[in-house]
Every structure is written in structure tokens, then in C-alpha cells.
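# Structural overview for review
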Amino acid sequence: MIQHVKDRIVKRISGGGRGRAYTSKDFFDLGSRAAVDQSLSRLARKGVIRRLKAGVYDFPKINPKLGGQLSPNVDEVAHAFARKNNIRIMLSGALAANKLGLSTQVPAQKIFLTDGQSQKIRINNFDVIFRHVSPGRISSCGKRSELILQALCHLGRNNVDDMIIDKISRMLSDKDKQYLARDAQDSAEWLIPVVNRIAEVK
């Protein structure tokens, strides 16, 4: 039974590719909780996967030149932790701006907003910070429009120039621009004309 579950877990992980992070809950459809936990522990001991925290693992990417394991993907780890704890998260403004290519500055702190409790978890040699906000703040978490609005708020009114507006516009379809305009209505007042300019760029 354990071997059967382990083989199915390996198949799923391999299909997802390297760099993905998982929680044991991601595999409960493959077998009992005990079988899944034992299988993951065995795979971690063999070095197939890497245990990052209790119940959280990743299928690490390998350095093509040196052969060693690369650092975990912060975004993947955070979302795996969120699934494990049944909370919702979204990128902080600094992370959103960096992910969208609107800022080349790599944030010193990996901060995610959450409707769960504020906490900090240590993963290898870096900290992932979860900062509690009201559930309404992340009602549209996961949507591209929310990611863009978070990034714009972080950049600030004086740093959103024509180049930023053009870059964002090129990321979006006409439908995406409609969603962005709608979601911006509940944002800072200065963002509304910025979003209108994004929608007008063809």
C-alpha cells in the first residue's frame, strides 16, 4: 500500500516539474493520511524531495552547472503553506512589482498579506512573513488585477510614469482591463485615472 501511494506521489510530483512546493494535503486523494505522510518522509530521506517545514516539501531545482539543489521558490512555498493552513494570501506590493517586472529591486523581505494570523516562518536561510489584513483586502486574491493594483500602490503616484503604464497595458487583454478598472474603484483615489490611462493604451 505504501509503495503504491509513494509511486503515485512521485508520478504527480514529476509531472509538475522541479521547483514546485507541496503540502501533504495535496496528496490525500492518493491514499490515507498515514500512507501519504510515510511516503513523503521516505521520499525526503532518499533525497527525491526536500522537507522545508512540517508538512511542506518541494521538488527542488538543480543547478545545471554545479549539480546542487537551488533555493526553494518563495512564492511556491508560501502558497503551499497557505494550502496547508487553509488561509488565503497575496503578494505584498514590493513582491508584486518585482514579479510583474515593474521594479528591478528584489525585496529584502518576502512579505505576503493574509487573512490568517500574522507570523514568520523560516525556510532554509530565508524568512517568509505573513502579515494579517482584513479579509476584504484579499477578497480578489489570485486575480491579475489585484496583483497590478498592489504593485502600483507600492510604486506610488510619483513613480508611475508612461513607461510603467505602457508596460502594464501590454500585459492585459481588453477583458483584463475591464476587470482592472472595476477593481480599482475600491482603491486609492489617485489610482483611478492611472487605470483609465492603462485601459486607453492600445
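Notes on the structure in this doc start here.

Cut-offs used in this document
- For every chain, the first residue of the written sequence is number 1, and numbering continues from 1 along that sequence.
- This being a predicted model, a pLDDT of at least 70 is required before a residue's local features are given, and a value of 80 or more before pairs of side-chain atoms are given or counted; all residues contribute to the totals for chains, interfaces and linings.
- Neither water nor hydrogens contribute to the side-chain values; these are computed over all heavy atoms in the structure.
- Put simply, DSSP marks the helices as runs of H or I at least four residues long and the strands as runs of E at least two long, and each gets a number from the N terminus on.
- Working definition: with a 1.4 Å probe on protein chains only, accessible area under 20% of the residue-type maximum means buried, over 50% means exposed, and in between means partly exposed.
- Any two residues having at least one pair of non-hydrogen atoms within 4.5 Å are treated as being in contact.
- Per-residue and other accessible areas follow the Shrake-Rupley method at a 1.4 Å probe size, with only the shown protein chains counted as cover for residues.
- Under the convention used here, Asp and Glu are negative, Lys and Arg are positive, and both His and the chain ends fall outside the count.
- Charge positions are represented by NZ for Lys, CZ for Arg, CG for Asp and CD for Glu.
- If DSSP finds at least two bridges between two strands, the strands pair.
- Here, axes are lines fitted to C-alpha atoms. For helices the fit covers the stretch in contact, and angles between N-to-C directions go from 0 to 180 degrees.
- Salt bridge, as used here: a side-chain nitrogen of Lys or Arg that lies within 4 Å of a carboxyl oxygen of Asp or Glu.
- Small angles under 35 degrees read as roughly parallel and large ones over 145 as roughly antiparallel, with 65 to 115 read as roughly perpendicular and the rest as oblique.
- When residues are sorted by character, Ala, Val, Leu, Ile, Met, Phe, Trp, Tyr, Cys and Pro go into the nonpolar class, Asp, Glu, Lys and Arg into the charged class, and all the rest, Gly among them, into the polar class.

### What to know about the overall build of the protein chain
Along the protein chain, the regular secondary structure elements total eight helices and seven strands. Each of the three principal axes of the protein chain carries a C-alpha extent, and together these read 60 × 40 × 30 Å. Of all 202 residues assigned to the protein chain, the portion counted as buried reaches 43%. A separation of at least 24 residues holds for 57% of the contacts in the protein chain among residues at least 6 apart in sequence. Total accessible area on the protein chain is roughly 11,200 Å²; 48% of this is exposed by carbon and sulfur atoms. Placing the 35 positive and 19 negative side-chain charges of the protein chain at their respective mean positions leaves the two points 9 Å apart.

### Quick look at the sheet that holds strand β4 (residues 89–91)
Picture the strands of a sheet paired through backbone hydrogen bonds; they go either parallel or antiparallel. Strand order in the open sheet formed by four strands is β4-β5-β7-β6, with mixed pairing between adjacent strands. Both edges of this open sheet fall to β4 and β6 (119–123), since each of them pairs with a single strand only. Between one strand axis and the next, the sheet turns by 30 degrees as a mean value, whatever way the strands run. Of the pairings in the sheet, the one linking β4 to strand β5 (residues 110–114) comprises three bridges and is antiparallel in character. What sits directly across from I89, in β5, is T114.

### A closer look at the pattern of salt bridges
On inspection of all chains with the given rule, the structure shows eleven salt bridges. We note a salt bridge from R83 to D26, for which the minimum N-O separation is 2.8 Å. Taken together, the residues R83 in helix α3 (residues 74–85) and D26 in the loop between β1 (21–23) and α2 (33–45) connect sequence positions 57 residues apart. Assessed through its relative accessible area of 22%, D26 is described here as partly exposed. A salt bridge links D37 to R33, with the shortest nitrogen-to-oxygen separation between them at 3.9 Å. In this pair, D37 and R33 both sit in helix α2, four residues apart, roughly one turn of the helix. Using a relative accessible area of 29% as the deciding quantity, one classes D37 as partly exposed.

### Concerning the pairing of strand β7 (residues 126–132)
As paired strands, β5 and β7 are joined by five bridges and run parallel to one another. Pairing of L113 across the sheet is with R131, part of β7. If you look at the hairpin formed by β6 and β7, you'll find two residues sitting between the two strands, and N124 has a positive phi there, around 55 degrees.

### Focus: the pairing of β5
Most of β5 sits inside the fold, with five of its five residues counted as buried. The alternating pattern of β5 places K110, F112 and T114 on one face and I111 and L113 on the opposite face, and all of these are buried.

### Digging into the sheet that holds strand β3 (residues 56–58)
Taking strand neighbours across the sheet as the criterion, the three strands line up as β1-β3-β2 in an open arrangement whose pairing is antiparallel. Bordering the open sheet on either side are β1 and β2 (50–53), each of which pairs with just one other strand. Strand-to-strand twist across the sheet, computed as the mean angle between neighbouring axes with direction ignored, equals 35 degrees. Direction of pairing for β1 relative to β3: antiparallel, over a ladder of three bridges. Residue pairing for β3: Y22 is matched across the bridge by Y57. In this fold α3 packs onto β1, β2 and β3, with an angle of close to 10 degrees to the strand it touches most, β1.

### With respect to the packing of helix α7 (residues 174–183) against helix α8 (residues 191–200)
Running from N to C, α7 and α8 cross one another at 170 degrees; their axes reach a closest spacing of 10 Å. In this view, α7 runs roughly antiparallel relative to α8, as classed from their interaxial angle. Each of K177, L180 and A181 in α7 lies in contact with α8, whose residues at this interface are V195, I198 and A199. Residues that form the contact of α7 with α8 fall into these classes: five nonpolar, no polar and one charged.

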